[in-house]
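# Structural overview for review
Each chain, letter by letter, is given below.
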Amino acid sequence: MSTLARKQGVGAVIWDYLTTVDHKKIAILYLIAGGFFFLLGGLEAMIIRIQLAVPNNDFISAGFYNEVLTMHGTTMIFLAAMPLVFAMMNAVVPIQIGARDVAFPFLNSLGFWLFFFGGVFLNLSWFLGGAPDAGWTSYASLSLASPTHGIDFYVLGLQISGLGTLIGGINFLVTIINMRAPGMTYMRMPMFTWATFVTSALILFAFPPLTVALIFMMMDRLFGGNFFDPALGGNTIIWEHLFWIFGHPEVYILVLPAFGIFSEIFATFSRKRLFGYSSMVFATVLIGFLGFMVWAHHMFTVGLGPIANAIFAVATMAIAVPTGIKIFNWLLTMWGGSIRFTTPMMYAVAFIPSFVIGGVTGVMNAAAAADYQYHDSYFVVAHFHYVIVGGVVFALLAGAHYWWPKMFGKMLDEKLGKVTFWLFFIGFHLTFFIQHFLGLMGMPRRVFTFLPGQGLETGNLISTIGAFFMAAGTIVLLANVVITTVKGKRVGNDPWEDGRTLEWAVSSPAPEYNFAQTPLVRGLDAYWIEKMEGKKGLTPAEPLGDIHMPNPTILPFVMSLGLFISALGFLFHNDYGWGLPVGIIGLLITLVAMFFRSIIDDHGFHIPKEEVMEAEKKGAGA
Amino acid sequence: MHVEEKLTPETFPAEPEKATLEGKNKFLGFWFFLGGETVLFASLFATYLALKDSVAGGPSGKELFQMPIVFLATMLLLTSSLTSVYAMHHMRNFDFKKMQLWLGITVLLGAAFLALEIYEFTEYVHEGFKFSTSAFSSAFYTLVGTHGVHVAFGLLWILTLMIRNAKRGLNLYNAPKFYVASLYWHFIDVVWVFIFTVVYLMGMVG
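Residues numbered from 1 in each chain as written. Chains lettered and ligands numbered in written order. Predicted model: local features only at pLDDT ≥ 70, side-chain atom pairs only at ≥ 80, totals over all residues. Heavy atoms only, no water.

Quick reminder of the rule: UniProt positions are given in the numbering used here, feature names are shortened, and annotations may be inferred rather than shown by experiment.
Going by what an unreviewed UniProt entry lists, chain B is known as Cytochrome c oxidase subunit 3 and is assigned to Anoxybacillus pushchinoensis. Looking at chain B in UniProt, the text filed under Subcellular location (unreviewed entry) is "Cell membrane". Per UniProt, the comment on chain B under Sequence similarities (unreviewed entry) is "Belongs to the cytochrome c oxidase subunit 3 family."

Chain A is annotated in an unreviewed UniProt entry as Cytochrome c oxidase subunit 1 from Anoxybacillus pushchinoensis. Per UniProt, the comment on chain A under Sequence similarities (unreviewed entry) is "Belongs to the heme-copper respiratory oxidase family."

### Some remarks on the overall build of chain A
Stated formally: What counts as a helix is a DSSP run of H or I of at least four residues, what counts as a strand is a run of E of at least two, and both are numbered from the N terminus. A 1.4 Å probe rolled over the protein chains alone gives each residue an accessible area, and that area as a share of the maximum for its type sets the label: buried under 20%, exposed over 50%, partly exposed in between. In this analysis, two residues are considered to be in contact whenever any of their non-hydrogen atoms come within 4.5 Å of each other.
Looking only at helices and strands, chain A features 20 helices and two strands. Projected onto the principal axes, the alpha-carbon positions of chain A cover approximately 70 × 60 × 45 Å. Per-residue burial for chain A yields a buried fraction of 59% across its 622 residues. Across chain A, contacts joining residues at least 24 apart in sequence account for 82% of those joining residues at least 6 apart.

### A word on the overall build of chain B
Scanning chain B for helices and strands turns up six helices and zero strands. For chain B, the succession of helices and strands along the chain, N to C, is α-α-α-α-α-α. The 206 residues of chain B split such that 58% are buried. Considering only intrachain contacts with a sequence separation of at least 6, the fraction spanning at least 24 residues in chain B is 80%.

### With respect to the nonpolar core
Put simply, the test is: Residues grouped as a nonpolar core are buried Ala, Val, Leu, Ile, Met, Phe, Trp, Tyr and Cys residues, joined through side-chain atoms within 4.5 Å.
One finds W239 and F394 of chain A together with F140 and Y200 of chain B to be the most contacted residues of the largest nonpolar core, which totals 237 residues. Sorting elements by how many residues they give to this core places helix α7 (residues 191-222) of chain A first, with 20 residues. If sequence neighbours within four positions are ignored, Y200 of chain B has contacts with F65, V70, E120, Y124, F140, V144, W192 and I195 of chain B. In terms of nonpolar packing, the next biggest core, distinct from the first, is built from twelve residues, I60, Y65, F450 and L456 of chain A among them.

### Quick look at the packing of aromatic side chains
Geometry of an aromatic ring pair is reported as the spacing of the ring centres plus the angle between the planes. Basically, it comes down to this: Between the rings of Phe, Tyr and Trp (Trp by its six-membered ring), a pair exists once the centres lie within 6.5 Å; its type follows the angle of the planes, with under 30 degrees stacked, over 60 edge-to-face, and the other angles tilted. Whether a charge lies above a ring is judged from NZ of Lys or CZ of Arg, which has to be within 6 Å of the ring centre and within 35 degrees of the ring normal.
What the rule picks out here adds up to 94 aromatic pairs over all chains. Summarising the aromatic geometry, the rings of F45 of chain B and F194 of chain B are spaced 6.4 Å apart at their centres and angled 65° between planes, so their arrangement reads as edge-to-face. Note that F45 of chain B is positioned in helix α1 (residues 21-51) and F194 of chain B in helix α6 (residues 175-205), a separation of 149 residues in sequence. Given a relative accessible area of 49%, F194 of chain B falls into the partly exposed group. Over the ring of W528 of chain A we find R500 of chain A, and its NZ or CZ is 4.4 Å from the ring centre.

### Remarks on the pattern of salt bridges
All names here are of chain A. Rule in force here: Definition used for salt bridges: Asp or Glu carboxyl oxygen within 4 Å of a side-chain nitrogen of Lys or Arg.
One pass over the structure, following the stated rule, counts 19 salt bridges over all chains. For R221, the salt bridge is made with D152, and the minimal N-O distance between the two is 2.6 Å. In this pair, R221 sits in helix α7 while D152 sits in helix α6 (residues 150-178), placing the two residues 69 residues apart along the sequence. Given the relative accessible area of 18%, R221 is considered buried. Using a relative accessible area of 3% as the deciding quantity, one classes D152 as buried.

### Re the interface of chain B and chain A
Our working definition: Accessible surface is computed with a 1.4 Å probe, and the buried area is the amount of it that two parts give up when combined, taken over both parts together.
With 37 residues of chain B at the interface, the matching set in chain A holds 39 residues. When chain B packs against chain A, close to 3,000 Å² is buried across both sides, 71% of that on carbon and sulfur atoms. It is N25, F32 and Y173 of chain B that lose the most area in chain B upon contact with chain A, and together they represent 18% of the buried surface on that side. Applying the counting criterion to the chain B and chain A interface returns two salt bridges. A salt bridge links D601 of chain A to R168 of chain B; its shortest N-O distance comes to 2.3 Å.

### Describing the UniProt feature "domain: Heme-copper oxidase subunit III family profile" (unreviewed entry) in chain B
Mapped onto this numbering, the UniProt entry annotates "domain: Heme-copper oxidase subunit III family profile" (unreviewed entry) at residues 28-204 of chain B. For residues 28-204 of chain B, helix accounts for 82% and strand for 0%, while the C-alpha atoms at its two ends are 39 Å apart.

### Some details on the confidence of the model for chain A
Residue and element names in this part refer to chain A. Going by this rule: Residue-level confidence of the predictor, termed pLDDT, takes values from 0 up to 100.
Per-residue pLDDT for chain A averages 95, and the proportion of residues at 70 or more is 98%. Of all secondary-structure elements in chain A, the lowest mean pLDDT belongs to helix α20 (residues 609-621), at 81, while helix α2 (residues 23-51) reaches the highest, 98. This stretch, residues 1-5, has a pLDDT under 50; its non-local contacts, to residues over four places away or in other chains, come to twelve contacts.

### Concerning the UniProt feature "transmembrane region" (unreviewed entry) in chain B
Residue and element names in this part refer to chain B. The residues that UniProt annotates with the feature "transmembrane region" (unreviewed entry) are residues 28-49, 69-89, 101-119, 139-163 and 183-203. The distance from the first to the last C-alpha atom of residues 69-89 is 31 Å, and the span holds 100% helix and 0% strand. Structurally, residues 101-119 is divided into 100% helix and 0% strand, and its ends, taken at the C-alpha atoms, are 27 Å apart.

### As for the side chain of T19 of chain A
Within the fold, T19 of chain A resides in helix α1 (residues 10-19). Apart from residues no more than four positions distant in its own chain, T19 of chain A is found in contact with P552, T553 and I554 of chain A.

### Some points on helix α14 (residues 378-408) of chain A
Residues and elements named next belong to chain A. Quick reminder of the rule: At every residue, the bend is computed as the angle between two fitted axes, covering the seven residues ending there and the seven beginning there respectively. Distance and chemistry together define a polar contact, namely a pair of N or O atoms within 3.5 Å, with one atom able to donate a hydrogen and the other to accept it when in protein, and with adjacent residues in sequence counting only for side-chain atoms on both sides.
A bend of about 45° at Y402 is the largest found in α14, and the proline P405 appears one to four places after it. For α14, the buried fraction is high: 29 of the 31 residues fall into the buried class. Here α14 starts with a cap whose side-chain oxygen sits 3.1 Å from the backbone nitrogen of F379, and that cap is S377. Of the residues flanking the end of α14, it is G409, one or two places downstream, whose phi is positive at about 85°.

### Focus on the packing of α6 of chain A against α1 of chain B
What counts here: Convention adopted: a line fitted to C-alpha atoms gives each axis, helices being fitted over their contacting stretch, and angles between N-to-C directions are expressed from 0 to 180 degrees. Reported orientations rely on four angle classes, namely roughly parallel under 35 degrees, roughly antiparallel over 145, roughly perpendicular from 65 to 115, and oblique for the rest. Whether a crossing is left-handed or right-handed is set by the direction in which the near helix is turned from the far one by less than a right angle, anticlockwise for left-handed and clockwise for right-handed.
As a packed pair, α6 of chain A and α1 of chain B sit with axes 9 Å apart at the nearest point and diverge in direction by 135°. It follows that α6 of chain A is oblique to α1 of chain B by the angle criterion. For the pair α6 of chain A and α1 of chain B, the sense of crossing is right-handed. Contact residues: α6 of chain A offers I170, L173, V174, I177 and N178 of chain A, while α1 of chain B offers L21, K24, N25, L28, G29, F32 and F33 of chain B.

### Section: a nonpolar patch on the surface
Residue and element names in this part refer to chain B. Definition in use: By definition, no residue in a patch forms a salt bridge, and every one has over 30% relative accessible area; like charges are joined within 9 Å, nonpolar side chains (Val, Leu, Ile, Met, Phe, Trp, Tyr) within 5 Å. Using the Shrake-Rupley algorithm and a 1.4 Å probe, accessible areas are obtained, with residue cover drawn only from the displayed protein chains.
Nonpolar side chains collect at one region of the surface, where M67, F71, M75, L78, V190, V193, F194 and L201 lie side by side and expose about 640 Å² of accessible area between them. Sorting the residues of the nonpolar patch by element identifies α3 (67-92) and α6 as the ones contributing at least two each. With respect to the helices, strands and loops of the structure, V190 is situated in helix α6. Look at V190 and you get partly exposed, because its relative accessible area is 46%.

### Describing the packing of α2 of chain A against helix α4 (residues 105-124) of chain A
All names here are of chain A. Under the convention used in this document: Amino acids outside the nonpolar list (Ala, Val, Leu, Ile, Met, Phe, Trp, Tyr, Cys, Pro) and the charged list (Asp, Glu, Lys, Arg) are all regarded as polar, and Gly is one of them.
Taken N-terminus to C-terminus, the directions of α2 and α4 make an angle of 15°; their axes are 10 Å apart at the nearest point. It follows from the interaxial angle that α2 and α4 lie roughly parallel. The crossing of α2 and α4 is left-handed. In contact with H23, I26, L29, Y30, A33, G34, F37 and L40 of α2, α4 contributes P105, N108, S109, G111, F112, W113, F115, F116, G119, V120 and N123. Of the residues belonging to the contact of α2 with α4, the class tally is twelve nonpolar, seven polar and no charged.

### Quick look at a negative patch on the surface
The condition is simple: The charge count includes Lys and Arg as positive and Asp and Glu as negative, but it does not include His or the ends of the chains. Throughout, a charge is located at the NZ atom of Lys, the CZ atom of Arg, the CG atom of Asp or the CD atom of Glu.
Together, D546, E610, E611 and E614 of chain A make up a region of like negative charge exposed at the surface. Looking at the secondary structure, you find E611 of chain A in helix α20.

### So, the side chain of D152 of chain A
At 2.6 Å, the side chain of D152 of chain A forms a polar contact with the side chain of H149 of chain A. Contact partners of D152 of chain A, with chain neighbours within four places excluded, come to F121, R221, L222 and L571 of chain A.

### A few points about the UniProt feature "domain: Cytochrome oxidase subunit I profile" (unreviewed entry) in chain A
The feature "domain: Cytochrome oxidase subunit I profile" (unreviewed entry), as annotated in UniProt, sits at residues 9-522 of chain A in this numbering. Between the C-alpha atoms that bound residues 9-522 of chain A the distance is 43 Å, and the span itself is 69% helix and 0% strand.

### Quick look at the environment of W295 of chain A
Residues and elements named next belong to chain A. Here W295 is to be found in the loop between α9 (277-290) and α10 (306-318). W295 sits 54 residues away from H241 along the chain, and the two C-alpha atoms are 7.6 Å apart. Apart from residues lying up to four places away in sequence, W295 is in contact with H241, W244, I245, H248 and F312.

Take a look at the structure:
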């Protein structure tokens, strides 16, 4: 049954990835799919910037601009940033805690395929009558009035992919609680694992409100519901509350893993233990907790009243405290360290001032009275791009370079990596810094063009030039990936030479069972401790033996495909006769797949001890 | 302990649902899932409370709700929660037949509840209270209907488990499955207690 070291044809490789339940392969799937959507979202961003390069531009029409703008935001948040975060988590977290796999390998695969089909469904809208055009927040007053099926694609696509995210969150919670190696206590977990843990808890509690909001919107648009229709007693503010009860924690769902990635990188390339580890853990948990009490700061201008605004303003500003703790801890990790400026470290160092700018404008926005000025202006656009690009995208790029050798066994080229970094870093600040001032000068967000003679020309032109820098950086990164894949040399366990955590103790890429023997963890930075004592490997916690592995399965793919078909049917059920039956057939496909999952026993299989020993010998020789 | 081990009442562990790593994972993961479900229903309840007086000229809760049928439904579902506890008691004692019997009773009670709910909904529709009548009607049907869908799914799930394992009896592979299904059933019951209070009792008073 073992698939170790076997040459495969193309068809077999595709089948392998369709059915895999191995967290490392699922990480690659997330990386490819998330990377694809990142390029798509980037392309949409370029269209936006070209349209806004000069006043009165007619590169695209106003209606198409709304679609591109909506899809840029939605794609970047749900289909690029989230899955790329999940790619990092899947690639690293199980190995960091000394586990052979996640708690629910089947659900891991299901989570990916749900996200994938949800994303494809959302993008089908381009070809089937028009994309959603009510902004990524899709406020009900706008989206109920949208004439095309775009919003329906948004609602059903996000529902499917959101389900996948929720499943992924539960999986990582249980994995981190139940699957840690002996000695891996909570306070010895690497920061990235801690960040994943807190993020997963946020996912668990933040996604259900989105699910409910999307159900309401689906009912209103497709099945005659009246949740948001004031004429029949509905209330559009309900959407705003539910959306932001999800939407604000979502920001932390994205940025906490980014903090985790940078914490690993700072410690590794400063060749020092992370400064203030326990305060970092505390700050992460506190940010996660506070993240749920600030959603109404997105709604200061709705008219909730001065008391509500004041409470949410103060809660929002309070988040600056744990975030500040983190910033100082990173600075003090570098202080006195023997720093190496590798590509990941460049992103990490650049992240600090970039993210602090985003944090400062965040506190400015949090002042409710002042927010009436900033609201719906380019100031807000600048703010959230500083935190999402300066925080999350920098972290994802840093993490991709940092863990690339662990995922693929080859180092990305450092020279090209630095070219990417400089292009992206300069482009990012060129694009977004000026937007603060455009906003303060009165340029509203989400407009498809502006007039000449209002002082907005230079700023917008600079912003567009910056976007081209970022696009160039991305192209260099793609070239780097291709060159590395074709020409790169195989690397050993610890290609950065300063790895501290368990993932650097196993071969690159890790064998499918991760650890031949479950390691005994003797402290924080478990691998570093062993290296400092002059040992080559980890201290094993068990004798060599047969290794239990989960079976591959196609069922997650089928379940997700069922929901995809079902969504397509229900979306068109008011227009075509085939809609309703197709919708029901799709649901039945999913239910039948679930039924088979329930009745077929799945005990997994064992890799015999001899095969493990042979693979380990080969791995050590490479 | 190994999953496929043949067990006797003497060797069967005290907490069979958590005797294997897979069982432990399922147990914990399912509790987390119920945590997410709680937030889901909390959002539905909050919306219902916000919209319950928005009848838009249609019937209100006070005019619609009938105590006898709702009370009967509540009693059926509460009793089914009790019978599922009996089933789990017998599971821990490795008494497969009695477990199946009590699960069977649970399913019957659940099905009766569901039948009453369907009857209730059709009555409302006959009285002109459709899903699209008002914001209140949409919120009512979505909240109570989501619960009803959970009941239906729970029935299918427990039935599948009963039939699948009818011949081979209990082992450490299926014990966690039975256990989390019963957890799910309790959760459905707890949600109904809130629906009974917030939707029906509060609806009939005010």
